[in-house]
Amino acid sequence: MLVKRGEGDFSRIYRPCRISEVVGNERVKKIIANAFETKKIPHTYSEPELLKDILERILKGRKFRLECGHHVSFGSNLGNDITVINGKVFKIICSLCGH
Ligand SMILES: [Zn+2]
């Protein structure tokens, strides 16, 4: 759950400060906490559950205009699917424009 702190724009006051604010999965929390304690980053790819958990916690219930001009409402059954074109700078468009 995101926690409101201080004042400023949305991204500043809702910036997560604790692992529990970004990750809900207990196993993933332990992996991240261990990485901070040992100062060693695991040399494996994280499980898809971590990505799903991060995206759900940050995006669920939020609405955005995409770079293609369409819109997405996260967590809505009728919301558009999106395509993230990876690179140094992400390009995020709806999946219909991504084909
Ligand atoms: Zn589109």
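Heads up: the structure comes first, above all this text.
Throughout what follows, the structure given in this document is the object of discussion. Treat the numbers as computed from the prediction; the structure is a model and nothing was measured.

1. Some details on the coordination of the zinc ion
Surrounding the zinc ion are the protein donor atoms Cys68 (SG), His70 (ND1), Cys94 (SG) and Cys97 (SG), at 2.1 to 2.4 Å. The site at the zinc ion holds four donor atoms, and with the angles between them running 100 to 119°, its shape is tetrahedral. Each donor residue of the zinc ion lies on the same chain, and together they follow the pattern C-x1-H-x23-C-x2-C. Placement of cysteine 68 in the loop between β1 (63–65) and β2 (71–73) and of cysteine 97 in the segment after β4 (91–94) is noted, with a sequence separation of 29 residues between them. Accessibility expressed as a relative area gives 38% for cysteine 97, which makes it partly exposed.

2. Topic: the side chain of glutamate 21
Topologically, glutamate 21 is positioned in helix α2 (residues 19–22). Here cysteine 17 takes part through its backbone nitrogen, which lies 3.2 Å from a polar atom of the side chain of glutamate 21.

Analysis parameters
- Position numbers for residues start from 1 in each chain and track the written sequence from start to end.
- Only residues with pLDDT of 70 or above have their local features reported here, since the model is predicted, and side-chain atom pairs are shown and tallied only from 80 upward, although totals for entire chains, interfaces and linings are computed over all residues.
- Only hydrogens and water are set aside; all other atoms, that is, all heavy atoms of the structure, feed into the side-chain values.
- Only nitrogen, oxygen and sulfur atoms qualify as donors, and only when within 2.8 Å of the metal (3.2 Å in the case of Na, K and Ca); with water excluded, sites may look incomplete.
- Square planar and octahedral sites, with four and six donors, are those where opposite donors lie more than 155 degrees apart and all other angles lie between 65 and 115, tetrahedral sites have four donors with every angle between 85 and 135 degrees, and the rest are irregular.
- Numbered from the N terminus, helices here are DSSP runs of H or I no shorter than four residues, and strands are runs of E no shorter than two.
- Exposure is judged per residue with a 1.4 Å probe applied to protein chains only, and the accessible area is read against the type maximum: over 50% gives exposed, under 20% gives buried, and values in between give partly exposed.
- Polar contacts here mean pairs of N or O atoms no more than 3.5 Å apart (in protein, one a potential hydrogen donor and the other a potential acceptor; neighbouring residues in sequence count only if both atoms are side-chain atoms).

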